[in-house]
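What follows is each chain in one-letter form.
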Amino acid sequence: MTVDSKRKGKEAQKEGEELGLSGKSCSNSLKKVLQFKVVYWGPGESGKTTNYFRLREKFDAVKLNRGYSIETTDGRTLWQDSVRLSFYLNLAKIKYNVITQIVTATGQERFLSTREYVLDGADGVVFVADSDPEKMEQNKRSFRELSSFTRDQQIPYVIQLNKRDLDEPISVEDFKKELGLPQFEAYEDGTLVIYPTVALEGESVRRCFEDLMVQVIFNFLRGELKS
Ligand SMILES: Nc1nc2c(ncn2[C@@H]2O[C@H](COP(=O)(O)OP(=O)(O)O)[C@@H](O)[C@H]2O)c(=O)[nH]1
Ligand SMILES: [Mg+2]
């Protein structure tokens, strides 16, 4: 599960621009297996389960399990969705098999304790917010909750502003103001401050996931270098 030498880790950072995620299976050059857990977090009905279904389709060729989802009688997620995706990563001439378990938490108030549990051992988080202006309070509450659970852990995360196809979505500018995020578009490393998506159509779902995975993987490699 680990990257073996510091030398390789350093090269990996230097040659970060060569990094590429691929769903394609590969040959005998496979060297390492990395395992991660990614949580989709956000208020109820923001599109977390939809994200997960779309990802499952996009990585269909290499998915390891079918994923499961338990719903309440009104069709909402009761416990959590889970799927494992397997893909390959080329980094500094090393081929990694990255296996990622993806879980989504229920947004329903009465299951608060299960939401906290879902974050246990998370290597990365995608916060899925709703573009419906009427859902802003819920977005903010859920974001605060996430921050309070992850405050001391420095888990990499990305923020997705979903349902951009709504008739009158909140403007990106207002959304950023409400959440206290910077108004510029991207950070220095190229990741976006927010990822506008239409999960229903799978739009930008994969890019958002991949940008998070790059952070997750580098975070892991940095940890390896220190130890
Ligand atoms: N218009 C629109 N509806 C969406 C989008 N993504 C999800 N939905 C709908 O929002 C509802 C809640 O989605 P779901 O994925 O179950 O939300 P969850 O509670 O966060 O898991 C469903 O009816 C979805 O079809 C989107 O991008 N646009
Ligand atoms: Mg759900």
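Thresholds applied
- Residues numbered from 1 in each chain as written.
- Chains lettered and ligands numbered in written order.
- Predicted model: local features only at pLDDT ≥ 70, side-chain atom pairs only at ≥ 80, totals over all residues.
- Helix = DSSP H or I, 4+ residues; strand = E, 2+ residues; numbered from the N terminus.
- Near = placed C-beta within 6 Å.
- Nonpolar A, V, L, I, M, F, W, Y, C, P; charged D, E, K, R; others polar.
- Core = buried A, V, L, I, M, F, W, Y, C linked by C-beta atoms within 7 Å.
- Buried ≥ 20, exposed ≤ 12 C-beta atoms within 10 Å, placed from the backbone.
- Contact = placed C-beta atoms within 7 Å.
- Pairing = 2+ DSSP bridges.
- Right-handed = clockwise from strand over helix to strand, strands pointing away.
- Axes fitted to C-alpha atoms, helices over the stretch in contact; angles between N-to-C directions.
- Parallel < 35°, antiparallel > 145°, perpendicular 65-115°, else oblique.
- pLDDT = per-residue confidence, 0-100.

(A) Inspection of the overall build of the protein at higher detail. In terms of regular secondary structure, the protein is built from six helices and seven strands. The secondary structure elements of the protein, listed N-terminal to C-terminal, are α-β-β-α-β-β-α-β-α-β-α-β-α.

(B) Quick look at the site of ligand 1. Close to ligand 1 lie 19 residues, the nearest being G47, K48, T49, T50 and L200. With three residues, the single largest contributor to the shell around ligand 1 is helix α2 (residues 48-58). Tallied by class, the residues present in the shell around ligand 1 amount to four nonpolar, 10 polar and five charged.

(C) Quick peek at the nonpolar core. Counting residues in each nonpolar core, the largest one holds 40 residues, and the members touching the most others are V39, W41, I102, V125, V126, F127 and L212. For this core, the secondary-structure elements that each account for two or more residues are β2 (30-41), α2, β3 (80-91), β4 (94-105), β5 (124-130), α4 (136-150), β6 (157-162) and α6 (205-226). Examining the composition of this core, we find that eight residues originate from one element, α6, more than from any other. Among all residues touching W41, those that are not within four sequence positions of it are A105, V125, F127, V128, S142 and L146.

(D) Structural detail: the pairing of β5. Buried residues dominate β5, accounting for seven of its seven residues. Two strands pair when backbone bridges link them, and β5 and β6 are joined in this way by six bridges, in the parallel orientation. What sits directly across from D130, in β6, is N162. Running through α4, the crossover from β5 to the neighbouring parallel element β6 is right-handed.

(E) Structural context of the environment of P43. With respect to the helices and strands, the residue P43 is situated in the loop between β2 and α2. The spatial distance from the C-alpha of P43 to the C-alpha of D130 is 7.8 Å, given a sequence separation of 87 residues.

(F) Quick look at the pairing of β6. Counting buried positions along β6 gives five out of six residues, so the element sits mostly inside the fold. Examined bridge by bridge, β6 and strand β7 (residues 195-196) share two bridges and lie parallel to one another. The residue bridging L161 from the neighbouring strand is P196, located in β7. For the crossover that starts at β6, traverses helix α5 (residues 172-179) and ends in the parallel β7, the hand is right-handed.

(G) A look at the environment of G121. Examined against the element boundaries, G121 turns out to sit in the loop between α3 (112-118) and β5. Classification of G121 as exposed rests on a count of 11 C-beta atoms within 10 Å. Measuring from C-alpha to C-alpha, the distance between G121 and V38 comes to 9.1 Å, with 83 residues separating the pair along the chain.

(H) Molecular detail of the environment of D165. Here D165 shows up in the loop between β6 and α5. On the basis of neighbour count, D165 is assigned to the partly exposed category, with 13 C-beta atoms found within 10 Å. D165 sits 36 residues away from E201 along the chain, and the two C-alpha atoms are 9.5 Å apart. Once residues within four sequence positions are removed from consideration, D165 is found in contact with V198 and L200.

(I) Region of the structure containing the packing of α2 against α6. Close contact between α2 and α6 brings their axes to 9 Å; oriented N to C, the two are set at 85°. Judged on the interaxial angle alone, α6 and α2 are roughly perpendicular. Contacts from N51, R54, L55 and K58 of α2 reach α6 at V205, R206 and F209. For the contact of α2 with α6, the residue count by class is three nonpolar, one polar and three charged.

(J) Quick peek at the confidence of the model for the protein. Predicted confidence across the protein gives a mean pLDDT of 79, with 71% of residues reaching 70 or more. With pLDDT under 50 throughout, residues 1-19 is counted as low confidence; its partners more than four residues away or in other chains account for 25 contacts. Within the model, pLDDT remains below 50 along residues 61-69, and this stretch shows 22 contacts once partners closer than five positions in the same chain are excluded.

(K) A look at unusual backbone geometry. Phi is positive for K163, close to 65°, though the residue is something other than glycine. Along the chain, K163 falls in the loop between β6 and α5. Residue class for K163 comes out buried when judged on the 22 C-beta atoms lying within 10 Å of it. Positive phi is not limited to glycine here, since S204 has a value of about 65°. Inspection of the secondary structure assignment puts S204 in the loop between β7 and α6.

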